[in-house]
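Topology and contacts: notes
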Amino acid sequence: MTDIDAGSELDPVHPVPLPGRAKGLTTAEVAERVTRGEVNDVPVRSSRTLTEIVRANVFTRFNAIIGVLWLVMLAVAPFQDSLFGYVILANTGIGIVQEWRAKKTLDSLAVIGEAKPTVRRDGRATEISTSAIVLGDLIEIGPGDKIVVDGVCAEADSLEIDESLLTGEADPVVKHPGTAVMSGSFVVAGGGAFTATKVGREAYAAQLAEEASRFTLVQSELRSGISTILKYVTWMMIPTAIGLVISQLVVKQHAFKDAVARTVGGIVPMVPEGLVLLTSVAFAIGVIRLGRKQCLVQELPAIEGLARVDTVCLDKTGTLTEGGMDVTELRPLDGAEESYVRKVLGALGESDPRPNASLKAIIDAYPDSEEWRCTESLPFSSARKYSGAAFSEGDGTDSVWLLGAPDVLLPPGHHALAEAEELNHQGLRVLLLARARLDLDDPAVKEGAEAVALVAMEQRLRPDAAETLRYFADQDVRTKVISGDNAVSVGAVAGKLGLAGAGDTVDARTLPEEQADMAKALDDNTVFGRVTPQQKRDMVGALQSRGHTVAMTGDGVNDVLALKDADIGVSMGSGSEATRAVAQIVLLNNSFATLPSVVAEGRRVIGNITRVASLFLVKTVYSVLLAVLVVIFQVEYPFLPRHLTMLSTLTIGVPAFFLALAPNKERAKPHFVRRVMRYAIPGGIVAGVATFVTYMLARHYYTGSGALGAETSSATLTLFLVSMWVLAIIARPYTWWRLCLVAAMGVAFLFVLAVPSLQRFFALKLVGEAMPWTAVGIAVVAAVALEFLWKWKWVDRRFPV
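These figures come from a predicted structure and were not determined experimentally. Every chain is numbered independently, its residues counted from 1 as its sequence is written. The model is predicted, so local features are restricted to residues of pLDDT at least 70 and side-chain atom pairs to those at 80 or more, both for listing and for counting; the totals for chains, interfaces and linings are taken over all residues. Think of the side-chain values as coming from all heavy atoms in the structure, minus any hydrogens and water.

Counting its regular elements, the protein contains 28 helices and 21 strands. Residue exposure (1.4 Å probe, protein chains only): buried if accessible area is under 20% of the type maximum, exposed if over 50%, otherwise partly exposed. Within the protein, the proportion of its 801 residues that are buried is 57%. Any two residues whose heavy atoms approach within 4.5 Å at even a single point are treated as in contact. In the protein, of all internal contacts separated by at least 6 residues, the share reaching a separation of at least 24 is 72%. Accessible areas in this description were obtained via Shrake-Rupley with a 1.4 Å probe; residue shielding takes into account the shown protein chains only. Summed over its atoms, the accessible surface of the protein is roughly 32,500 Å², and 58% of this surface lies on carbon and sulfur atoms. The helix count covers DSSP runs of H or I at least four residues long, the strand count covers runs of E at least two residues long, and both are numbered beginning at the N terminus.

Here you go:
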C-alpha cells in the first residue's frame, strides 16, 4: 500500500489509512463532489408532504361512502338534507390544517435537534449539517457521536463502536484504521475519524433517519382499536343499508326522492367518521402543544404511550443533575504528596481530547503540567468505569495512571473504600486516582493498582428536579433512579430532591440475573447504582415483564439500549446523537421539568379520545338498530338527513371537539375497544329502542297528510333528549365550562324548535301536547336506564375489563 499526500483525493470506495493526522478534502474537492451529486442529500422528513396529508385526509373509505351519498342528496333532496356533506368537508379541512400545522412544527424542531457532524476540510475541523457531507469527507467522531454515513476508519484512538442497533449485539466493537464503520452505529469510547464511502440514499443511515423522524401514524392500541371498530361497523352497515333500500324504495313505494332521502338518512349516521378525524386532530394538536414547549415528538403514537406510563426510569446524570460538576475535595492516600497528585490530575485532564463531565471538573481545578507528556491513553468507558493514561514525566520517569470508580479499581475491604463510602453518603461523586503496575493495554491493568488519592466532586442539582419528582408521585407514577455511579451517592442526591424511597439503594452488581427475581428487586427498591448499559436494558425488560409501561430518560450513550427497549424513550436535546436517534421524545430545551407536561399531554389526548369515542359509537349503534327495526316493521325511516345532521352536531360533533381538548390527568387504561364498546352498545340500544317506541306510538297517534312530519318531530325530540343525557354522563365530572357546554347544546335545540324559519329549514314542528310530552316521558325512562347501566355500575359488574 503506497502513501498519499494528506490533501490529495481519497479513493471513496477503498480509502487508504493515512499516517498521522489527515487534512481531509480541500474546498475544491468538495465543490467537485457537489457538482457530481455525491452529497448526503437525504431530505429530513419529519412529516408527510402536503400532498400526502391531503390525500390521507380526503381519500378515505368513509369519505367515499359519504361523498357518494352527498352527491345523491344534492340531486334528489333540498339543500338542508345534504348538510352532512358540508360537515364532512369541514371536518376533513380541519384535519388537513391541523396536520399541516403539526408538520411545520415538527419540521422546525427537527432542524433544531439535528446533529452537526464535525468534518475535516483544508486541515480544519468544521461543524456542518448532515446533508452537507460529501463522498470522501473525513468525519471526526468521539463518545456519543452517531455514525451518520457509511465509511472506513481512517484514525482510531481506543475507538469502540456500538453496532447493537444494526446487529443486535450489545458488546462494543473495537475499530482500527481500515475497518468498516456503519451508519446507525455510535461511539461508546475513544475517538477517531472515518472516510465517508456511501452517502445519500445509499447509506443505511438514510433509512434509519427517515424512520426515526417521520410524523407517522403507526400502529397503537388506540388506532388499531378504532380500525377494528370501523371494520365491524362496515360489515354491519352493508346488509343494513341494503335492507333500508329495499324497505324504503320497493316495499313502501313512496315518492322516489323522499324514499331516497330517508334511506340516506338511515345510512349516513352509521359511519363514525368523526371519531377517526378527532383522533388525528387530537394527536396533531398534542404534537403542536408539546412543540411549543420545545419537545420533539418523533412518533405520533408516543403521545399514547406517555398516557399509559406508570414507571419512569431516570438516569441521575443529566436528568436529576446538571451536566457541570465541581471538585470539592482532594484527599491524598497513604502519604501521597498533594502537589504531585495535582500534577497527575492535570496531566490526566489534558490526555483526553473529549473529556466527560468529571474530567472537565478536574481540568478546571488542576492546570496541566507542561513537563508531562502523554504517550498512551485509555478513554473512559461506562462498561469498565475508569479511564487511564501513560505518561513520560518531566524527569524521564514513565508511569501509568487510572482514574475511576473506587469500588471497581480496588479490591473489597481496602481501607480507601471506607473513606469513599463516607463521601458518597454526603451525596458526592468520588473518583479514585490509582497508579497501575501493568501496561495500559493490558486487560488486567487495574489489578494491583496502588490507591493514591480520592477526588470528591459535587454535582449540580437541577433546580426543577424536586418539583418534577413530586409531580410523578402525585400522579401515581413510580420513579426508579438507575445510574452508573455509586448507589449510595445516587441515593444521597435523590434524597436531597425528596424522592420517596431514596434510602432503598441497591448496587446493581448484586442484582439477580433471572428476570423474575430482578423484577421483584426493582419493585421493592428505588435507587440503583453501578448499573451497566446491558443491565439498564435488562431492568427495563424486567419491569415490562410485570406489566409496567416504562418510560426511560437519558442523554448518554450508555442509555441507548434501554431507551430503545423502553415503551417510551425520552432523550435530552443536548444528549448524544445516538440517544436522540432512538428516543421517541426529545426534550430540546434539556429541561427535566418539561417531562410532566409531556406525560400530562399524553393523558389528556388518550383519556379524552376514550371518553368521546362513546359519543360517536352510541350514534353508530342506535343508527344500525333503528335501520334494522325499520326493515323488520316495514315502516318509513323516521328521519331525514337534516334531522340527524342537527342531532349529531349538537350532541356529538361540537361537544366532542371541546371535550377532546379538555384537561385530563387520568392514566390511560388498556383494552380500548372493550372499554368503549361495553358502554356504547347498551347506550345505543337504549337510545334506539326509546326513539323507535316514540315513533311507533306517534304513528298510531297522528293521522292525515302531515302525520309523517309530526311523527319524525316526536322521534327527534326523544332521540335528542336521550343523546343529551349520554352527553351529560360523559361530560362528568362537571366544571363550569362543561355545564355551559351541555346547556348551550340544549338551548340551541330549543332555538330550532322556537324559530319558525328554523322549524321549516329542519322540518321540525311539535304537534299537540300529548305526544311531545309522551316523547319526553320515554326519554326520562331511557335516561334512568342509562344511569343504571353506566353510572350504577351494572356494565362494570357484568362486563369487567
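Here eight strands make up an open sheet; going across it, the order is β8-β21-β20-β19-β9-β16-β18-β17 and the pairing mixed. Of all the strands in the sheet, just β8 (295–297) and β17 (505–507) have a single pairing partner and so form its edges. The mean angle between the axes of side-by-side strands here comes to 20°, regardless of whether they run parallel or antiparallel. Pairing between two strands requires that DSSP report at least two bridges joining them. The pairing of strand β20 (residues 568–572) with strand β21 (residues 585–587) spans three bridges and is classified as parallel. Angles shown run from 0 to 180 degrees and are taken between the N-to-C directions of axes, each axis being a line fitted to C-alpha atoms and, for helices, limited to the stretch in contact.

Here we take up the environment of L320. Looking at the secondary structure, you find L320 in the loop between β9 (311–314) and β10 (321–332). Taking the C-alpha atoms as reference points, L320 and D464, separated by 144 residues in sequence, lie 8.6 Å from one another. Ignoring anything within four residues of it in the chain, the contact list for L320 reads L314, D315, L461, R462, A465, L469, V481, L497 and F592.

Take the environment of T553 next. Mapping T553 onto the fold places it in strand β19 (residues 550–554). Take T553: its relative accessible area is 2%, and that puts it in the buried class. Sequence separation of T553 and F592 is 39 residues, and the distance between their C-alpha atoms is 9.2 Å.

To continue, consider the packing of aromatic side chains. In this scheme Phe, Tyr and Trp rings, the latter by its six-membered ring, pair at centre separations within 6.5 Å, and the angle between planes marks the pair as stacked below 30 degrees, edge-to-face above 60, and tilted otherwise. Counting across every chain of the model gives 11 aromatic pairs. With a centroid separation of 5.3 Å and 45° between ring planes, the pair formed by F633 and F692 is classed as tilted. With F633 in helix α21 (residues 594–633) and F692 in helix α23 (residues 672–701), this pair connects stretches of sequence that are 59 residues apart. Judged by its relative accessible area of 46%, F633 falls in the partly exposed class.

Once that is clear, we can look at the packing of α21 against helix α24 (residues 707–730). At a minimum axis separation of 10 Å, α21 and α24 run at an interaxial angle of 155°. Of the possible angle classes, the one that applies to α21 and α24 is roughly antiparallel. The two elements α21 and α24 meet at a crossing, and its hand is right-handed. Mapping the contact onto sequence places R611, S614, L615, V618 and Y622 in α21 and L719, S723, V726, L727 and I730 in α24. Gly is put with the polar residues, along with every residue not named as nonpolar or charged; the nonpolar set is Ala, Val, Leu, Ile, Met, Phe, Trp, Tyr, Cys and Pro, and the charged set is Asp, Glu, Lys and Arg. Its residues assigned to classes, the contact of α21 with α24 comprises seven nonpolar, two polar and one charged. Every angle not falling under 35 degrees, over 145, or within 65 to 115 is termed oblique; those three ranges are roughly parallel, roughly antiparallel and roughly perpendicular. Note: crossing handedness is left-handed where the near helix turns anticlockwise from the far helix by less than a right angle, and right-handed where it turns clockwise.

Buried Ala, Val, Leu, Ile, Met, Phe, Trp, Tyr and Cys residues form a nonpolar core when they are joined through side-chain atoms within 4.5 Å. I585 and F592 are the most contacted members of the largest nonpolar core, which totals 125 residues. The biggest single contributor to this core is α21, with 18 residues.

This next bit is on the confidence of the model for the protein. A residue's pLDDT is the confidence the predictor assigns to it, expressed on a 0 to 100 scale. For the protein, per-residue confidence averages 81 on the pLDDT scale, and 86% of positions sit at 70 or higher. Across the protein, the secondary-structure element scoring lowest on mean pLDDT is helix α6 (residues 204–213), at 49, and the one scoring highest is helix α25 (residues 736–754), at 93. Residue range residues 1–20 is modelled with pLDDT below 50. Its contacts to residues more than four positions away, or to other chains, number 34 contacts. Segment residues 208–219 is flagged for pLDDT under 50; beyond a separation of four residues in sequence, or across chains, it makes 32 contacts in the model.

Now for a nonpolar patch on the surface. A patch consists of residues whose relative accessible area exceeds 30% and which take part in no salt bridge; residues with like charges are grouped when within 9 Å of each other, and nonpolar side chains (Val, Leu, Ile, Met, Phe, Trp, Tyr) when within 5 Å. What makes a salt bridge here is a side-chain nitrogen of Lys or Arg within 4 Å of a carboxyl oxygen of Asp or Glu, nothing more. Together, L71, L74, F79, Y86 and L89 make up a nonpolar patch on the protein surface, roughly 490 Å² of accessible area in all. If you list the elements that add at least two residues to the nonpolar patch, you get α3 (61–76) and α4 (83–113). Inspection of the secondary structure assignment puts L71 in helix α3.

This part takes up a negative patch on the surface. A cluster of acidic residues, E350, D368, E370, E371 and D395, forms a negative patch at the surface. Its place among the elements puts D368 in the loop between α12 (357–365) and β11 (373–381). Positive charges come from Lys and Arg, negative ones from Asp and Glu, while His and the chain ends are left out of the count. Charge positions come from single atoms, namely NZ of Lys, CZ of Arg, CG of Asp or CD of Glu.

Attention now moves to the packing of helix α15 (residues 465–474) against α21. Direction vectors running N to C along α15 and α21 enclose 25°, while the axes themselves pass 8 Å from each other. By the angle between their directions, the pair α15 and α21 is classed as roughly parallel. Where α15 approaches α21, its residues T468, Y471 and F472 are matched on the opposing element by L595, P596, V599 and A600. Across the contact of α15 with α21, the residue classes tally to six nonpolar, one polar and no charged.

What follows deals with the pattern of salt bridges. All told, the structure shown has 21 salt bridges when counted by the stated rule. With its nearest N and O atoms 2.9 Å apart, the salt bridge here joins R120 to E140. On the criterion of sequence distance, the pair formed by R120 in strand β1 (residues 118–121) and E140 in strand β3 (residues 138–141) is long-range, its members being 20 residues apart. Residue classification places E140 among the buried residues on the basis of a relative accessible area of 14%. One salt-bridge network, held together by shared partners, links D407, D507, R509 and R530.

Turning next to helix α1 (residues 27–36). Turning to α1, its buried residues number three or more, namely E29, V30 and R33. Projection of α1 onto a plane perpendicular to its axis shows the buried side chains occupying an angular sector of 100°, all on one side. Of the exposed residues in α1, those oriented more than 90 degrees away from the buried face are T27, A28 and T35. Those residues of α1 that are buried are in contact with β1. Just downstream of α1 lies G37, where phi reads positive at about 80°. The arc in question is formed by the directions pointing from the helix axis toward the C-beta atoms.

Right, let's get into the pairing of strand β16 (residues 478–482). In terms of residue burial, β16 counts as a mostly covered element, since four of its five residues are buried. As judged from the four bridges shared by β9 and β16, these two strands associate in the parallel manner. Following the sheet pairing, C313 is matched in β16 by K480. Bridge analysis of β16 against strand β18 (residues 527–529) gives two bridges, and the strand direction is parallel. By the bridge assignment for β18, I482 is matched with F528.

Time to look at the side chain of E160. Note that E160 resides in strand β4 (residues 150–162). The residues touching E160, leaving out its near neighbours within four places in the chain, are P172, V173, V174, F186, V187, V188, A189 and R384.

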